[in-house]
Amino acid sequence: MYAPDFAYYRADSVAEIGRLLRAHPGAKVLAGGHSLIPLLKLRLAAPPALIDIGRVAELKGIAVADGRVRIGALTTHAEIAASSDVARHAPALAAAAGVIGDPAVRNRGTIGGNVAHADPASDLPTVLLALGASFAVATDDGERTIPAGKFFQGMMATALGDHDVVTAIDVPAAPGGQGQAYEKFSHPASRYAVIGVAATVELRGETVGNVAVALGGLVPAAVRTGSVEQALSGRAPSAEAIAGAAAAVSNDLGDDLIGDIYASAEYRRAMAPVCVKRALTAALKQASVADAPAARSPWWKPSWL
Ligand SMILES: Cc1cc2nc3c(=O)[nH]c(=O)nc-3n(C[C@H](O)[C@H](O)[C@H](O)COP(=O)(O)OP(=O)(O)OC[C@H]3O[C@@H](n4cnc5c(N)ncnc54)[C@H](O)[C@@H]3O)c2cc1C
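Here is what the cut-offs are and how they apply
- Residues numbered from 1 in each chain as written.
- Predicted model: local features only at pLDDT ≥ 70, side-chain atom pairs only at ≥ 80, totals over all residues.
- Core = buried A, V, L, I, M, F, W, Y, C linked by C-beta atoms within 7 Å.
- Buried ≥ 20, exposed ≤ 12 C-beta atoms within 10 Å, placed from the backbone.
- Helix = DSSP H or I, 4+ residues; strand = E, 2+ residues; numbered from the N terminus.
- Contact = placed C-beta atoms within 7 Å.
- Near = placed C-beta within 6 Å.
- Nonpolar A, V, L, I, M, F, W, Y, C, P; charged D, E, K, R; others polar.
- Domains from an automatic or database assignment.
- Pairing = 2+ DSSP bridges.
- Axes fitted to C-alpha atoms, helices over the stretch in contact; angles between N-to-C directions.

### Let's talk about the nonpolar core
Among the nonpolar cores identified, the biggest contains 93 residues, and Ile51, Ala92, Leu93, Ala279 and Leu280 are the most heavily contacted of them. Here this core gets nine residues from one element, more than from any other, and that element is helix α12 (residues 265-291). Ignoring sequence-local partners within four residues, the contact set of Leu280 consists of Ala199, Val201, Leu232, Ile242, Ala245 and Ala246.

See below:
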């Protein structure tokens, strides 16, 4: 189906995006178009105007400074997956970006569009929530920062106002001794996440320190699972501790589980602990390697695995 008619404008700066959004009530910004254009074609959205932000140079690029990785909103999934800075400081983000859709989607889709669209089956909201990222947003009044924990508010709902534009995503660089992993149970055709789990785990000697685990695809917005985090933090790492912590995810799933033609709510409930266990195991293994630099052979395995 063809998209409904719309007026088309192209912005060359963040200031101009703001001016165009104010001048055209109901307008939508167009980044990679890989979520917005399908919505228009399905007639699920009919904005009177699109403001193409694809050439705004100040929204592009990846930089590392002050203990964080700053990623411009227009940076594509492929650029994030290929970045040595992201691989080094936020490996779970690099892993997640590398398993989005297919090469065409990764070469056009942007991190800003992905988070603003806030599809529960997307990968980046989940991983950015676990990593404690924050979003730099240009608003009518200037700029504000929204932490990931307050940004995702429901099914395709965010804290963004009508005239707000995400300009960059700030991701804290992983501290020493932290392992990160992203585990995805993909839809076999679209590659969207039926379930996505992002985990960061710190290892302090023989004890697990801070743990952060976020879930995607299960409930309408990406969420942290405090029950899993508390169950593992402070424990000695072992296969039993991981399995016990993973099982605790059922405490946090509530009655709001997504069920659709791809996977019923019951199936998702049954698979959630499996995916959490895989993510925790991979993150802890990575933390163990980070903790034992001499053992960085590809065949090395921590004793508890
Ligand atoms: C076949 C297919 C498979 C896919 N598989 C996956 C997958 O496996 N995992 C996954 O995570 N995603 C997947 N996607 C979605 C893809 O990652 C999209 O690119 C992404 O969700 C949206 O980014 P975009 O740049 O294309 O945004 P657009 O489509 O241009 O915009 C999406 C929405 O965000 C708004 N927006 C865009 N940029 C900004 C900004 N800077 N500030 C404020 N609002 C903004 C737009 O107004 C619009 O409402 C898939 C898409 C397709 C078509």
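### A few points about the environment of Ala181
Mapped onto the secondary structure, Ala181 falls in strand β11 (residues 178-186). Owing to 26 C-beta atoms within 10 Å, Ala181 belongs among the buried residues under this scheme. Distance in space between the C-alpha atoms of Ala181 and Ala287 is 10.0 Å, their sequence separation being 106 residues.

### Some remarks on the site of the ligand
Neighbouring the ligand are 30 residues; Gly32, Gly101, Gly109, Gly112 and Gly113 lie closest to it. Considering each element in turn, the shell around the ligand owes the most residues, five residues, to helix α7 (residues 111-117). Considered class by class, the residues forming the shell around the ligand number 14 nonpolar, 13 polar and three charged.

### Details of the domain arrangement of the protein chain
Segmentation of the protein chain into domains returns domain 1 (7-52), domain 2 (61-172) and domain 3 (178-295). Taking only C-alpha atoms into account, the centre of domain 2 sits 20 Å from that of domain 3. Contacts between domain 2 and domain 3 engage 24 residues on the former and 23 residues on the latter. Where the side of domain 2 that touches domain 3 is concerned, the elements lending two or more residues are α5 (91-98), α8 (124-130) and β8 (152-154). Taken together, the residues of the side of domain 2 that touches domain 3 sort by class into 16 nonpolar, six polar and two charged.

### Quick word on the sheet that holds strand β13 (residues 207-216)
Strand pairing within a sheet occurs via backbone hydrogen bonds; the two strands may be parallel or antiparallel. One open sheet holds the four strands; their spatial order is β11-β12-β13-β14, and the pairing between them is antiparallel. In this open sheet, the two edge strands, each paired with only one partner strand, are β11 and β14 (223-224). Both β11 and strand β12 (residues 193-204) contribute to a ladder of nine bridges, which runs antiparallel. Looking across to β12, one finds that Lys184 is bridged to Gly196. In this fold α5 packs onto β11 and β12, with an angle of close to 20° to the strand it touches most, β11.

### Let's talk about the environment of Arg19
Within the secondary structure layout, Arg19 lies in helix α1 (residues 14-23). Sequence separation between Arg19 and Asp140 is 121 residues; the distance between their C-alpha atoms is 9.1 Å.

### Here's the deal with the pairing of strand β7 (residues 142-147)
Burial analysis of β7 places just zero of its six residues in the buried class, a small minority of the element. Of the strand pairs in this sheet, strand β6 (residues 134-139) and β7 are connected by six bridges, and their pairing is antiparallel. By the bridge assignment, Phe135 is partnered in β7 with Ile146. Joining the antiparallel neighbours β6 and β7 is a turn of two residues.

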